[in-house]
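Observations on chain architecture
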Amino acid sequence: KLVGAAFTGVFGVLAFPYLLLIVTAVSPWAGSTALWKNALKHDPGNSVAHFNLAREYEEQALTGGVEDAERDALLQQAYDEYQAALDNPARTYRHDPARLFAAMALNHVHRGSPEKGLELLDEAARNIDLPWRDERARNDIEALIANPRGLALSALGRYEEAIAAFELALAKSDRYAGAHI
């Protein structure tokens, strides 16, 4: 019994520091927002983390059942993170300003600034041609730009143009789910 108790005591003393390390290591996984904030704490120029944190803020704003003031603050935080992603070109995969400008434009549509959204969509369209973008990827990004253009035009009461933008999104890509919803 004494040997068993001694073994248990030694094991407990040795295991406790490892348990603390494990808890510390997995604490950023408390949720996606915490994960991306932790990534940015360690790598402030991480474009992917800025983009994904922006998406998290936007999702919380649009689906979280939050009050208007909190919704507006979350959408502003999302926009700021999209801007940070644009300002810090991706180092690990293809940097895609067109996708960032389109996300920023949709953010403005959600915040009630469809005119600014259209300006950003024009900027997105000017950034479509990239050396790595093949024809199918080009069609996908054009659909990704056309769908929020339709939303912005609809918000401005320009319904004929909005319908044309939605139809373009559908015609350009069968992979862009947002255009099919």
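Here we take up the nonpolar core. Membership of the largest hydrophobic core comes to 34 residues, with the highest contact counts inside it found for Tyr82, Met104 and Ile145. Counting residues per element, this core draws most heavily on helix α5 (residues 97-110), at eight residues.

Along the chain, the position of Asp140 falls in helix α7 (residues 135-155). The class for Asp140 is buried, based on a relative accessible area of 14%. Within the local environment of Asp140, its side chain forms a polar contact with the side chain of Ser173, the two groups lying 2.4 Å apart. Beyond its immediate chain neighbours, meaning those up to four positions away, Asp140 contacts Ser173 and Arg175.

In total, this model carries 11 salt bridges according to the counting rule given. Measuring nitrogen to oxygen at the nearest pair gives 3.7 Å for the salt bridge that ties Arg99 to Asp96. Look at Asp96 and you get buried, because its relative accessible area is 9%. Here Asp122 and Arg149 are joined by a salt bridge, their closest N and O atoms 3.2 Å apart. Placement of Asp122 in helix α6 (residues 114-126) and of Arg149 in helix α7 is noted, with a sequence separation of 27 residues between them. One salt-bridge network, held together by shared partners, links Asp129, Arg138, Glu142 and Lys172.

Residue placement: Arg133 occurs in the loop between α6 and α7. On the basis of relative accessibility, which here comes to 11%, the residue Arg133 falls in the buried class. Polar contacts involving the side chain of Arg133 include one to the side chain of Asp96, which spans 2.7 Å. Those residues in contact with Arg133 that lie beyond four places of it in its chain are Asp96, Ala98, Asn127, Ile128, Arg138 and Ile141.

What follows deals with α6. Compared with the 18 Å implied by 1.5 Å per residue over 13 residues, the 18 Å span of α6 between its first and last C-alpha is a close match. Among the residues making up α6, those that are buried are Pro114, Gly117, Leu118, Leu120, Leu121 and Ala124. Looking straight down α6, one finds that the buried residues subtend no more than 165 degrees of arc, so they occupy a single side. In this fold, the buried residues of α6 make contact with α4 (68-87), α5 and α7.

What counts as what
Residues numbered from 1 in each chain as written. Predicted model: local features only at pLDDT ≥ 70, side-chain atom pairs only at ≥ 80, totals over all residues. Heavy atoms only, no water. Core = buried A, V, L, I, M, F, W, Y, C linked by side-chain atoms within 4.5 Å. Buried < 20%, exposed > 50% of the residue type's maximum accessible area, 1.4 Å probe, protein only. Helix = DSSP H or I, 4+ residues; strand = E, 2+ residues; numbered from the N terminus. Polar contact = N/O pair within 3.5 Å; in protein donor to acceptor, adjacent residues only side chain to side chain. Contact = heavy atoms within 4.5 Å. Salt bridge = Lys/Arg side-chain N within 4 Å of Asp/Glu carboxyl O. Expected span 1.5 Å × (residues − 1). Arc of directions from axis to C-beta.

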